[in-house]
Every structure is written in C-alpha cells, then in structure tokens.
Amino acid sequence: MNDQAAHPADLQQPSPVGRLPDWYPPWARELAELYFSRTTCLFVLHGNVHDLVRRVRKDQDEYCSLTEFLTSEVFGRWDLVIGHDLSQGLRPRAGDDGARLQAMMKYLTAQWGEPGAWPRDPERVLALLRGFVERCLIDDPANRKSIAVLFEYAQYLVPEGDLNALARGLAGQLVQFLSWAQNPHIKRVNMAFCLIADRLAEVNDRLVQSAHVATIEVPLPDGTVIDGEIVIWHCE
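Below: a short report on this structure.

Check the secondary structure of the chain and you find seven helices and 10 strands. A burial count over the chain gives 50% of its 236 residues as buried. Partitioning the contacts of the chain with sequence separation of at least 6, the portion at a separation of at least 24 is 65%. With an accessible surface of roughly 11600 Å², the chain has 48% of that area assigned to carbon and sulfur atoms.

Below is the structure:
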C-alpha cells in the first residue's frame, strides 16, 4: 500500500494485493489482504513489535521500526498517519518525508489547533479522534482524507481484565475501539486503526476475540548465518 504498491484509490480494482512488493513480510501482506477485502478496519499487531523490519529502497535492504514500516511502506501514500502512545500523545508520522510531515501538521493544526494544546489523556484523545472520524465520514468523498491511526503500547489503553473490573475510563476506551471496528461506514472508506502490543494476552479479550477485529502476529525473524554470525534478517 506504499508508492510501489496498491494505493487507496485502487480499492475498486481487482486483486490490489497482487501488486505488493515481493519483499513485503507475510504479516504486512496479511494486513493488506484483510484491509482490501474490507473485512476489518482495526488490526491488533502483536509479538515481535519492537524489532527492526526489513524493507527495500532503491534495490538496497534497509531496516526500520515497525511503526516506521507502517508509516512509510504500508500507509506510505495515505494523507494522514497519526501516532499515539501514552508518553507522547498524538503526533503525525511521516517517516523521513519532511514535506509529508509538514502537510500533515498543517492540516491537523487547522483541525485541532496548536500541537501543544492537543489532549494527552486517553479518554480525551479518543473523544477528539471520534469527532475527527465522524467529520471525515460525512466529508465530500472527493475531499475525504485517507487516515491511519497507530496506537503503540495498546495494552495500556485496552488492558486485559473482566469488564466489571475495568475502570469506567478503560471500559469506555474498549467500547470506542469496538465501535470503530464494527462501523460499516468506516470499512467503506480509506481509514484504518492499528493497535500495537507486545503480548496479545495483555489486550482485552472482548477486543481481540471480536469478529470485527484482526489480530496479526509479527514473528521473530529468521537469520542467514555465515561463519557463525547472523548477517541478514528476514521476518517470515
């Protein structure tokens, strides 16, 4: 779904996944297949989420973080990629593309005001995003932005636990993610939510077991060994 792959505008065309680069790791290909089938708009990525991911640029292998890969390779041609974690709050993500970052920041500042005023509390963050998503859904399709939101350390937003034991705010956050996942209008537009967590068991069962949510494991890499040393990493 990057500049070498299927673009959001290609969703109406047959088999866009077949045009993904050969070097796409299987987990990213699975995400693309589920997205283009419109099976879901909400993905929980878990497992080896803090390791480097291989990508190819100008016929050269490079390695980047998972969030960088999502930002630049999976959602590389989308209008907005918004990252969130409890430490840094909301922020646009554009990888090493300065012009793209500037365009995102200009648009979001017009929508939300100066970044210093953006909320950091999870309840207020999700309320802000909820209103933003709702406005985007009623926008003229010709002007509607393609939006991906990446939630790092998602286990702290929707932690495992019995619903009765969850604090009111945590229960509300769970309901919000389920609402996005189940929304048929979101599935018909270019909008995706990725929750990233080390351990799937730490994310609430009501979310990960929902038929509207896709859980995708990012596996440990395999290495090519030469003279007893691992020199090339490939995620399979």
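This next bit is on the packing of aromatic side chains. Evaluated as defined, the whole model comprises 13 aromatic pairs. On the numbers, 5.0 Å between centres and 90 degrees between planes, the contact of Phe-151 with Phe-177 is edge-to-face. With Phe-151 in strand β6 (residues 147-151) and Phe-177 in helix α5 (residues 168-182), this pair connects stretches of sequence that are 26 residues apart. You'll find Phe-151 and Phe-177 in the same group, each marked buried. These aromatic residues form a ring-pair network of at least three members: Trp-23, Tyr-24, Trp-27 and Phe-69. Its end group placed over the ring of Tyr-107, Lys-145 keeps NZ or CZ at 4.9 Å from the ring centre.

Take the sheet that holds strand β1 (residues 42-47) next. Think of a sheet as strands paired side by side through backbone hydrogen bonds, with each pair either parallel or antiparallel. Spatially, six strands are ordered β5-β4-β6-β7-β1-β8 in an open sheet, and the strand pairing comes out mixed. The open sheet terminates on both sides in strands that have one partner only, identified here as β5 (89-92) and β8 (213-218). The average angle at which neighbouring strand axes cross in this sheet is 20 degrees, direction not considered. Where β1 meets strand β7 (residues 191-197), five bridges bridge the pair, whose relative direction is parallel. Its bridge partner being in β7, Leu-42 is matched across the sheet by Phe-193. Helix α1 (residues 26-36) rests against β1, β7 and β8 of the sheet, and its axis sits at about 165 degrees to β8.

Moving on, we come to the nonpolar core. Grouped together as the largest cluster of nonpolar side chains are 70 residues, with contacts concentrated most on Trp-27, Leu-70, Phe-75, Phe-151, Phe-177, Phe-193 and Leu-207. Ranked by the residues each element gives to this core, the list is headed by β7, at seven residues. Not counting residues up to four positions away in its chain, the partners in contact with Leu-207 are Val-44, Val-158, Leu-174, Phe-177, Leu-178, Leu-195 and Val-213.

A separate point is the pairing of β7. Burial analysis of β7 places seven of its seven residues in the buried class, which makes it a mostly covered element. Residues Met-191, Phe-193, Leu-195 and Ala-197 of β7 are buried on one face, and the alternating residues Ala-192, Cys-194 and Ile-196, pointing to the opposite face, are buried as well. In terms of strand pairing, β6 meets β7 through five bridges, oriented parallel. Bridging across to β7, Ala-148 finds its partner in Ala-192.

Cut-offs applied
Residues numbered from 1 in each chain as written. Predicted model: local features only at pLDDT ≥ 70, side-chain atom pairs only at ≥ 80, totals over all residues. Heavy atoms only, no water. Helix = DSSP H or I, 4+ residues; strand = E, 2+ residues; numbered from the N terminus. Buried < 20%, exposed > 50% of the residue type's maximum accessible area, 1.4 Å probe, protein only. Contact = heavy atoms within 4.5 Å. Areas by Shrake-Rupley, 256 points an atom, 1.4 Å probe, with all protein chains shown as cover. Phe/Tyr/Trp six-rings, centres within 6.5 Å; stacked < 30°, edge-to-face > 60°. Lys NZ or Arg CZ within 6 Å of the ring centre and 35° of its normal. Pairing = 2+ DSSP bridges. Axes fitted to C-alpha atoms, helices over the stretch in contact; angles between N-to-C directions. Core = buried A, V, L, I, M, F, W, Y, C linked by side-chain atoms within 4.5 Å.

Geometric values such as these leave the question of function open.
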